[in-house]
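What the coordinates show
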Amino acid sequence: MINPRQTAFEALLKTEKDGAYSNIALDFLLSKSDYGTRDRAFVSNLFYGVIERKLTLDYQLGLYTSKPLCKMKSDLLTILRLGAYQLLFTDKVPPSAAVNESVKLAKKNGLSHASGLVNAVLRKIDKNGLKLPSQENYGEFLSVRYSCPQWLVNKWLKEYGKEATVGILADSLGASKTYIRVNNTRVNGDELIEALSAENVSSVKTDTENCLEIVLGGRSVESLESFKRGLFHVQDKACQLCAAALCVKQGDRVLDLCAAPGGKTYTVAENMKDKGEVLSFDIHPHRVELIKGGAERLGLKSVKALQGDALCFNKDLGEADAVLCDVPCSGFGIIGRKPEIKYKNPDEVKALPALQLEILQNGAKYVKKGGRLVYSTCTLSHSENQKVCRKFLESTTDFKAVSPLKNLTDDESITFFPHINGTDGFFIACFERINGNEN
């Protein structure tokens, strides 16, 4: 059997070198192993822990290495990060094991010449413990404390204030809650709870209808018989509320313009009791197939997955009662689930607001008079959220802003914060067409 630390090392290298998505890189390597639940959990903890705490770990390592980390080989740096993480952020790994196993890992992967460095640096970290910079530069302090790039920390401090920023950062570390959506066309909440219990999966109802919180305990959701039978799909609570903001009823016609992997499409169809039509689009054929596969598993006949570009108007589609524009975004609201997202170069997100506005303006063309247009992102960024909505309203007299969720707010938009709402960071805005559609 491959050593679990070796698996974590290989997955981290693949993520670092190839830019692979964290969950895909890890799932691929775990699928080739015969690890039990305990070892799988250990590998996952090391893997996601190192990614989550990368900046914190690098700050510690930089205190004891003469060579800049940016000039260090990625495989050696990965081994040092793994060792430092075990020393500083795990309770069940003895310090001696963390150091010794890291030295062995170096030797196993052709780095025998650096084993002395690994041993010396990690012993210093073990002796001195976690070190943080002075709070005089508060942005730098938070950046190292919570392993988040300083530019993003400063952005949140400016937009949301100190208390909210600390809350967002603190909540991004550690395990996120897992929510599922009850497929109410097949079962109700109580029946699903019973089915999950029979598979030794605990679940509880939430304050959102047909939304359960579950604890998988290291198991993959795809392995559950209840999942295979299409009794639910995994979906954060905020996303379920986003689908609710469309206010659909049976028989409605709905367009989901940026739909893959399809979660909101499925929830919309279920909200309509699968009576109506949900046209679900993605620009990539393989992602269209992903939507189709999920709809088939759930038995949703109202869903039609199609290839389409959210930026291009298609007059043949006709009008819709509701249109969802869940646009591509920076994703800073889901760094608790996909921690590598927070390390994006800020230049990568500069062009997003213009793209998002264009998609929203195109989506508006399909909405019939009296219909609803919902705009959403899984990010916490004024430039991608409130400012895009403001520019949209400035560009049209055909729509007015309305509350997306009357039971939660009278405001024209709502932002969900992980530390407050127990969800992903998420933004929802809603508009109603007040003038006729000339398209």
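Scroll up to find the structure this text is about.
The text that follows walks through the structure, step by step, so that each part is easy to find. (Residues numbered from 1 in each chain as written. Predicted model: local features only at pLDDT ≥ 70, side-chain atom pairs only at ≥ 80, totals over all residues. Heavy atoms only, no water.)

This paragraph deals with the overall build of the protein. Along the backbone of the protein there are 17 helices and twelve strands. Rg of the C-alpha trace for the protein: 24 Å, near the compact-globule value of 22 Å for 439 residues, within the 12% margin. Here the protein holds 439 residues, and 54% of them are scored as buried. Counting contacts in the protein only where the partners sit at least 6 residues apart, residues at least 24 apart contribute 72% of the total. In the protein, 58 side chains carry a positive charge and 53 a negative one; their mean positions are 5 Å apart. (Helix = DSSP H or I, 4+ residues; strand = E, 2+ residues; numbered from the N terminus. Rg over C-alpha atoms; globule rule 2.2 N^0.38 Å. Buried < 20%, exposed > 50% of the residue type's maximum accessible area, 1.4 Å probe, protein only. Contact = heavy atoms within 4.5 Å. Lys, Arg positive; Asp, Glu negative; His and termini not counted. Charge placed at Lys NZ, Arg CZ, Asp CG, Glu CD.)

Attention now moves to the sheet that holds strand 1 (residues 178-182). The strand order across the open sheet formed by four strands is 2-3-1-4, and the pairing between neighbours is antiparallel. Each of the sheet's edge strands pairs with one partner strand only, and the pair in question is strand 2 (202-205) and strand 4 (232-234). Taken pair by pair, the neighbouring strands of this sheet meet at an average axis angle of 35°, ignoring direction. By the bridge criterion, four bridges tie strand 2 to strand 3 (residues 211-215) in an arrangement that is antiparallel. In the strand pairing of strand 3, Ser202 is matched with Val215. (Pairing = 2+ DSSP bridges. Axes fitted to C-alpha atoms, helices over the stretch in contact; angles between N-to-C directions.)

So, on to the packing of aromatic side chains. The description of two aromatic rings rests on the distance between their centres and on the angle between their planes. All told, the structure shown has ten aromatic pairs when counted by the stated rule. Their ring planes at 35° and their centres at 4.9 Å tell us that Phe313 and Tyr366 sit as a pair that is tilted. One end of the pair, Phe313, is in the loop between strand 7 (303-307) and strand 8 (320-326); the other, Tyr366, is in the loop between helix 15 (352-364) and strand 9 (367-377), with 53 residues separating them in the sequence. When its relative accessible area of 31% is taken as the criterion, Phe313 is described as partly exposed. Centroid distance Phe392 to Phe399: 5.6 Å. Interplanar angle 55°. Geometry classified as tilted. Take Phe392: its relative accessible area is 2%, and that puts it in the buried class. For Arg145, the ring lying beneath its charged end belongs to Tyr146, and the centroid distance is 4.6 Å. (Phe/Tyr/Trp six-rings, centres within 6.5 Å; stacked < 30°, edge-to-face > 60°. Lys NZ or Arg CZ within 6 Å of the ring centre and 35° of its normal.)

Take helix 7 (residues 115-128) next. When the terminal C-alpha atoms of helix 7 are compared, their 20 Å separation across 14 residues agrees well with the 20 Å that a helix rising 1.5 Å per residue should span. Packing partners of the buried residues in helix 7 comprise helix 4 (54-62), helix 5 (74-89) and helix 6 (95-108). Trailing helix 7 by a residue or two, Gly129 shows a phi angle of about 70°, which is positive. (Expected span 1.5 Å × (residues − 1).)

It is worth spelling out unusual backbone geometry at this point. Ala260 connects to Pro261 through a cis peptide bond whose omega is 10°. With respect to the secondary-structure elements, Pro261 resides in the loop between strand 5 (253-256) and helix 13 (263-271). Of note, Asn200 is a non-glycine position whose phi angle comes to about 60°, a positive value. Position of Asn200 among the secondary structure elements: in the loop between helix 10 (189-198) and strand 2. Phi angles above zero are rare outside glycine, and Asn210 is one such case at about 65°. Note on placement: Asn210 falls in the loop between strand 2 and strand 3.

Turning next to the packing of helix 3 (residues 37-52) against helix 5. Running from N to C, helix 3 and helix 5 point in directions that differ by 105°, and their axes come no closer than 10 Å. Viewed along their axes, helix 3 and helix 5 adopt a mutual orientation that is roughly perpendicular. From helix 3, Phe42, Asn45, Leu46, Gly49 and Val50 reach across to helix 5, where they touch Arg81, Leu82, Tyr85 and Gln86. Residue classes in the contact of helix 3 with helix 5 are distributed as five nonpolar, three polar and one charged. (Parallel < 35°, antiparallel > 145°, perpendicular 65-115°, else oblique. Nonpolar A, V, L, I, M, F, W, Y, C, P; charged D, E, K, R; others polar.)

Our focus in this paragraph is a positive patch on the surface. A cluster of basic side chains, namely Lys158, Lys387, Arg390 and Lys391, defines a positive patch on the protein surface. The greatest single-element share of the positive patch, amounting to three residues, is contributed by helix 16 (residues 386-394). Inspection of the secondary structure puts Lys158 in helix 9 (residues 150-171). (Patch = residues over 30% accessible without salt bridge, like charges linked within 9 Å, V, L, I, M, F, W, Y side chains within 5 Å. Areas by Shrake-Rupley, 256 points an atom, 1.4 Å probe, with all protein chains shown as cover. Salt bridge = Lys/Arg side-chain N within 4 Å of Asp/Glu carboxyl O.)

The next subject is the pattern of salt bridges. Here the structure, examined in full by the defined rule, presents 21 salt bridges. One salt bridge in this structure joins Asp190 and Lys205, with 2.9 Å as the shortest N-O distance. With a gap of 15 residues between them, Asp190 in helix 10 and Lys205 in strand 2 connect regions that are remote in the sequence. Judged by its relative accessible area of 49%, Asp190 falls in the partly exposed class. We note a salt bridge from Glu289 to Lys292, for which the minimum N-O separation is 3.4 Å.

Purely geometric numbers; function is a separate question.
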